[in-house]
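Summary of structural features
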Amino acid sequence: MREHFRPTGNPVADPANVVMGDGYRITLLTEGLVRLEWSASGEFEDRASQAVVDRAFPPTEFQLVETDDRLTIHTARLQLVFDKRPFSTEGLSVQAKGGLHSFRSVWRFGLPTANLGGTARTLDNVDGAVPLEPGILSRDGVTCYDDSATVLLTDDGWIAPRRPDTLDLYVFAYGRDYRAALRALYHLTGPQPLLPRYALGNWWSRYHAYSADEYLGLMDRFAAEGIPLSVAVLDMDWHLVDIDPRHGSGWTGYTWNRELFPDPPAFLAALHERGLATTLNVHPAEGVHAHEERYAAIARRMGVDPDSELPVDFDPADPTFLEAYLEELHHPREAEGVDFWWLDWQQGGVTRIPGLDPLWVLNHFHYLDSGRSGKRPLTFSRYAGVGSHRYPIGFSGDTVITWASLDFQPYFTATASNVGYGWWSHDIGGHLFGYKDDELTVRWVQFGVFAPITRLHSSNGLFNTREPWRYGERARRIMAGFLRLRHRLVPYLHTMNRRAHVEGEPLVQPMYYEHPDDADAYQVGNQYLFGDRLLVAPITTPADRATGLGAVRAWLPPGRWTDVFTGVSYRGGTMILLHRDLDTIPVLAPAGAILPLAAGQGIENPDALELRVYAGAGGEFTLAEDRDDGRWARTRFTFAGDELRIHPVEGEHDVIPATRRYDVVLCGFSDVREVVRPDGTTQPTAPGPVPGSVSVRLRSVAAREGVVLRLLGDTGPAGNRDIPERLFSLLDGAQIELTTKNRVHRAVTTHEPDRAVLVLAALDLPQSLFAAVVELLLAECG
């Protein structure tokens, strides 16, 4: 195999962490992670596996107590008891320490444990929820990952089956220290790779037989509408599909359809000129047939006489075929300008090598091959088990266009982090069947902008498409606005991209990562942390008719939280129903958060930034930027007291502009009317872009120097001063009796909030209206 396919991790554990005996080997990889092997032959495995690539952890402190027929091992996090016999329920257990229930926090061989869930291979044809495979986290503190059936990686870059008489288990016993468990998983199975920056913008995709001119015209229409895109996806009609039946169904293909794309290199160059990376869809299962341009080359490499026109079978268990498949079919397309591949494998998980999943083979070798020239690698494919996070990006498959499908996806996305899988890409808007519903599509796009990847997609059909201008005027405006916001978020997202790679922190995280001992954190599966500065609660059900508002049950952790769209602040530590009209969803920042946004819509490191600072506490944020070359510039922002500081850039100064414009937006501050610049002059603030905010523009800040601003006035948090206006707007739009509107308005304007709630409770209001009014009245009440 080629050099770039060879394993790079160190799969051999430190001998100091190993306890061995007749037929067993126990490796204390960390205080909370133990490897348990049983081998009847006494031979144990030190090679990397499909899932596990690095067992070289530092020495672990443990105490061993051993007799002839029993051993007990203690670490700071676990206790292991083993009877030195073949693994059995009675003879092998691991208990997580840390104050958890003594019965539930025990794993016993062969018995299931409670599990917070992982992810699933695909959402193909799903209308709603699907069962999830296990993750490595449990509220009871202990789980087991069974690696016994995966294939092994050999030193030359190929694969080998396992011996059939072995068991290879990994027990995670971290209690509720979920982030520590994830860090151990990423060490064991490899870190999340860095994505190319362009992958964080908006993707356009549609199953449709575009011509080159039609596709470029569509890209120009998006640009004219001011809707940015960064990735252009071509589904399967880029290649020949109407072929002689003796050569297959046309589902698999590697030859451009020249009637649609007469000059592929020119077409791909035109996309690149528009700032678009390009990916092509491939369904490789049917092999290579004689009608393909590259048939003769790959046939000769596989020992098939080209004159015979016999097919070259797709055989992922043959290293010779895999190298020829990549070099003869894909490298020529990449030389023309294809940036990465969409691997659309839907044909099961069996090959002639036991345990070898063809989907995993495609993901593994395509991903490594895409980085062979030194560029940041990327592939786009379905999930193939633990360790698949090493091959981003995940394609979740062809979902049905329904509210039930949307309602499942936030939970599905967040829970995938429990197995380290941080970069799911969904068909935003759904793929097939279902119905057209402007509200549904808007809500899907809003979720998609606050998902790991924002990829608009749909199946073929005249009326199934995702261009915003194909929807009603209100939906069009909102969709376009959110897609623009996605590109403004790229500086934040790319920083989180690096955080995921370096620190083992997935972009999207369930609420219980930060609050593992709060029961409410487990009750809001569709709510999640989006990076380390934002909390997102997508609206995934239709709006109520009486209020015209969508609603979501959310849990706000203790502290002050401010909605980034509405400017309304909430006091946390409570479960709450959040209501929003179609224009927004709940996205909240904690007190002291500093959020960097690009002032424009490009993907590159921006010339101008909007820096949002949220009142109520001091805070900091370090912006990380590179050019997909690993040369990082880091800009630190801090806020404390009345001082906002943009620190001098550290690292590689040449990867960002020498000077930048900063639009500083102060959100939720009580009364900041001026700022003092470094030269001692004052500058007045202006109304900001969000209700309750003010802003000030710094036209030129030198990256090597930074700047310090002092805020003049009251820098404490302001109250929600516009609640009366918001309540009037809510009542004005409500589709209810006019007399009821007047009674509600009188109650909220003549009583203090807590008293008003009691009065409203006696009015027999529609529950949706009552809840929406109470949300505003009590937003800041503890």
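What counts as what
In this convention, every chain numbers its residues from 1, walking through the sequence in written order. With pLDDT at 70 or above as the cut-off, local features in this predicted model cover only qualifying residues; side-chain atom pairs require 80 or more to be listed or tallied, and sums for whole chains, interfaces and linings still use all residues. Note that water and hydrogens are dropped before the side-chain values are worked out from all heavy atoms of the structure. Labels follow the DSSP assignment, with helices taken as runs of H or I lasting at least four residues and strands as runs of E lasting at least two, numbered in each case from the N terminus. For this measure, only C-alpha atoms enter the radius of gyration; the expected value for a globule follows 2.2 Å times N^0.38, where N is the number of residues. The buried label applies to any residue whose accessible area, calculated with a 1.4 Å probe on protein chains only, is under 20% of its type's maximum; exposed applies above 50%, and partly exposed to all values in between. Whether two residues touch is decided by their heavy atoms; if any such pair falls within 4.5 Å, the residues are in contact. Positive charges come from Lys and Arg alone, negative charges from Asp and Glu alone, with His and the N- and C-terminal ends not counted. Where a charge sits is defined by one atom per residue type, namely NZ (Lys), CZ (Arg), CG (Asp) or CD (Glu). At least two bridges found by DSSP between two strands is the condition for calling them paired. Throughout, an axis means a line fitted to C-alpha atoms (over the contacting stretch in the case of helices), and angles, computed between N-to-C directions, take values from 0 to 180 degrees. Here the expected length of a helix is defined as 1.5 Å per residue gap, with one fewer gap than residues. Distance and chemistry together define a polar contact, namely a pair of N or O atoms within 3.5 Å, with one atom able to donate a hydrogen and the other to accept it when in protein, and with adjacent residues in sequence counting only for side-chain atoms on both sides.

**Comments concerning the overall build of the chain**
Within the chain, the regular secondary structure consists of 14 helices and 40 strands. Taken over C-alpha atoms, the radius of gyration comes to 28 Å for the chain, in line with the 28 Å a tight globule of 782 residues would show. With the principal axes as the frame, the chain shows a C-alpha extent of 85 × 75 × 60 Å. Within the chain, buried positions represent 61% of all 782 residues. Taking as baseline every contact in the chain between residues at least 6 positions apart, the subset at least 24 positions apart corresponds to 69%. Across the chain, the 75 positively charged side chains and the 102 negatively charged ones have centroids separated by 5 Å.

**Some points on the pairing of strand β3 (residues 33–39)**
Most of β3 sits out of view: seven of its seven residues are buried. Side chains Leu33, Arg35, Glu37 and Ser39 project from β3 onto one buried face, and the interleaved Val34, Leu36 and Trp38 project onto a second face that is buried too. Of the pairings in the sheet, the one linking strand β2 (residues 24–28) to β3 comprises five bridges and is antiparallel in character. The residue of β3 that forms the bridge with Thr27 is Arg35. Where β2 folds back on β3, the antiparallel hairpin that results is connected by four residues.

**Re unusual backbone geometry**
Trans peptide bonds make up the majority, and among non-glycine residues the majority have a negative phi. Cis geometry is adopted by the peptide bond preceding Ile393, which originates at Pro392 and carries an omega value of 20 degrees. With respect to the element layout, Ile393 can be found in the loop between β17 (380–381) and β18 (394–395). Its identity is not glycine, yet Asn125 carries a phi of approximately 60 degrees, on the positive side. Note on placement: Asn125 falls in the loop between β8 (106–108) and β9 (143–146). Unlike most non-glycine residues, Phe433 shows phi in positive territory, near 55 degrees.

**Details of the sheet that holds strand β23 (residues 534–536)**
Sheet architecture is open: six strands sit in the order β21-β22-β23-β28-β25-β26, paired in antiparallel fashion. Only two strands of the sheet have a single partner each, and these edge strands are β21 (508–510) and β26 (569–571). Shown here is a sheet whose adjacent strand axes are inclined to one another by a mean of 35 degrees, direction ignored. Bridging between strand β25 (residues 560–563) and β26 involves three bridges; their strand directions are antiparallel. Across the sheet, residue Thr562 finds its bridge partner in β26, namely Ser569.

**Thoughts on the sheet that holds strand β12 (residues 166–172)**
Pairing in this open sheet of five strands is antiparallel, and the strands run β1-β2-β3-β12-β9 from one edge to the other. With one partner strand each, in any of the chains shown, β1 (18–21) and β9 form the two edges of the open sheet. Sheet twist, expressed as the average angle between the axes of neighbouring strands with direction ignored, equals 15 degrees. Its contacts with the sheet place helix α1 (residues 178–189) against β3 and β12, and it is angled at close to 145 degrees to β12.

**Digging into helix α9 (residues 473–488)**
Along its 16 residues, α9 runs 23 Å from first to last C-alpha, staying within 8% of the 22 Å computed at 1.5 Å per residue. Residues Ala475, Ile478, Met479, Ala480, Phe482, Leu483, Leu485, Arg486, His487 and Arg488 constitute the buried set of α9.

**Quick notes on helix α8 (residues 438–449)**
The end-to-end C-alpha distance of α8, which contains 12 residues, comes to 17 Å, matching closely the 16 Å that a straight helix rising 1.5 Å per residue would cover. Summarising burial for α8: 11 of the 12 residues are buried, a large majority. Considered for burial, the residues of α8 that qualify are Glu439, Leu440, Thr441, Val442, Arg443, Trp444, Val445, Gln446, Phe447, Gly448 and Val449. Against α7 (403–415), β20 (454–456), α9, β22 (528–530), β24 (550–556) and β27 (574–580) lie the buried residues of α8. Where α8 begins, the side chain of Asp437 points an oxygen toward the backbone nitrogen of Glu439, at a separation of 3.0 Å.

**Considerations on the side chain of Asn257**
As for its placement among the helices and strands, Asn257 is situated in the loop between β14 (231–234) and α3 (264–273). A relative accessible area of 14% means that Asn257 is categorised as buried.

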